[in-house]
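If you want the building blocks of each chain, they are given just below.
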Amino acid sequence: MGFLIVRNDITKMKVDAIVNAANTSLLGGGGVDGAIHRAAGSELLAECRGLNGCQTGQAKITKGYRLPAKYVIHTVGPIWAGGSQNEEGLLRACYRNVLGLAAEKGIKSIAFPLISAGAYGYPRDQALNVATSEISEFLLDHEMAITLVVFDKASFQLSEKRYTAIAEYIDERYVDKNLITRSGGIESLKEVQEDVGEFLRSAMPVAERREKSSRSLEDLVNQVEESFSESLLRLIDEKGMTDSETYKKANVDRKLFSKIRNDKFYHPGKQTVIAFAIALHLNLDETSDLLGRAGFALTHSSQADIIIEYFIEEGNYSIFEINEALFAFDQKLLGL
Ligand code: AR6
């Protein structure tokens, strides 16, 4: 369960249903619509003929015929006309109506293309925001495996401003980069020493630095026995969250969560721990603590870690925005 973003051809997805970005006639077209009709075969068109078209923002379901997916849910996105013609409301309606219909039909897994972001001209970063926010909203009270299929990397775009801000943040911290840029400009021995000191500090895992600077020995002794699982459950209580809110926000599977809950000594992967830290809105100190319980640390020799640090410092805990950024920098996504 949860939300995944993949780069793929949607006609290849082995899921209960794929979503078609169609037009009001439902009689086929170019882009993803054309690809779906080609892969499903002419029986799909025959069934579509009986549907009497579909209005913008609405959704209709057919069988998948020769597709690996059992069903196709057809929806019609808005044509972008500058943003003042209720395009956003209509695009949100597409996601809601498709997901509502899927839930009604008992569909457990579904794949979406980025509706309206091709021929219909909706700005891609805004189309992506609408998709991720509607999907995350839906998942707060539904169980479904939802995949957003982006066809090429260009369709997966962070806003220019955010990309530059993150790139600068990485640039200032990334250890390998520091080594390269520093070697040219060192003049005096003192400068070399300062440089080495700074490098060692930046190379030290964040957890270690934090412990050195801000945690008392007493704190450490008191908490030394706490396992990852115990820490996580304590934090969930402290933050006044429920279990299901937490694992859904973390984009973590319910089964995995109950394993963690039932096994005091469960060893999670690093990505999972980070996903929980984000779901619980932990600050950097708390994140480092939780990671430490599972034997991990955030380091400046990993771009992904620096991106996580960037979002935590910004107080931005949207796992979907973080995943957008990780994707843009070719890093593994969280909670998948
Ligand atoms: N798999 C996944 N995504 C795809 C695929 C594919 N095989 N092919 C394209 N995309 P578009 P729209 C992406 O134009 O903007 C049709 O003619 C594509 O890169 O297919 O809603 C209909 O009949 C883009 O990001 O749909 C309508 O007339 C996204 O899918 C009109 O186009 C949507 O692009 C609908 O336009």
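These numbers were taken from a predicted model, which means no experiment stands behind them. Each chain has its residues counted from 1, running along the sequence as written. Reporting in this predicted model follows two pLDDT cut-offs: at least 70 for local features of residues, and 80 or more for side-chain atom pairs to be given and counted; totals over whole chains, interfaces and linings ignore these cut-offs and use all residues. Hydrogens are left out, water is left out, and the side-chain values use all remaining heavy atoms of the structure.

**What about the overall build of the protein chain?**
Moving on, step 1. Here a strand is any run of E in DSSP of at least two residues, a helix any run of H or I of at least four, and the numbering for each starts at the N terminus. A tally of regular secondary structure across the protein chain gives 16 helices and six strands.
Moving on, step 2. Only protein chains enter the accessibility calculation, which uses a 1.4 Å probe; a residue whose area is less than 20% of its type maximum is buried, one above 50% is exposed, and one in between is partly exposed. For the protein chain, the residues scored as buried account for 46% of the 336 residues in total.
Moving on, step 3. A separation threshold of at least 6 residues defines the contact pool for the protein chain, and within that pool the share at least 24 residues apart is 68%.
Moving on, step 4. Per-residue accessibility takes into account occlusion by the displayed protein chains alone, with areas from the Shrake-Rupley method and a 1.4 Å probe. Working note: accessible area of the protein chain is about 16,400 Å², and carbon and sulfur atoms make up 50% of it. Contacts were defined at the residue level, with two residues in contact if any of their heavy atoms lie within 4.5 Å.

**Quick look at unusual backbone geometry**
Moving on, step 1. Positive phi, normally seen in glycine, also occurs at Y65, with a value near 50°.
Moving on, step 2. Mapped onto the elements of the fold, Y65 is located in the loop between β3 (59-63) and β4 (71-76).
Moving on, step 3. Non-glycine residue S116 carries a positive phi angle of around 70°.
Moving on, step 4. You can call S116 buried: its relative accessible area is 5%.

**Some remarks on the nonpolar core**
Moving on, step 1. What makes a nonpolar core is a set of buried Ala, Val, Leu, Ile, Met, Phe, Trp, Tyr and Cys residues whose side-chain atoms join them at distances within 4.5 Å. Core analysis: the biggest nonpolar cluster contains 79 residues, and I73, I110, F112, I146, F276 and I278 have the highest contact counts within it.
Moving on, step 2. Each of domain 1 (2-155) and domain 2 (160-328) gives at least three residues to this core.
Moving on, step 3. Sequence-distant contacts of F276, that is, excluding residues within four places in its chain, are made with F228, L232, T246, Y247, A250, V252, F257, I260 and L290.
Moving on, step 4. One finds M13, V15, I36 and A40 within the second-largest nonpolar core, a separate group that totals 13 residues. An automatic or database domain assignment provides the domain bounds reported here.

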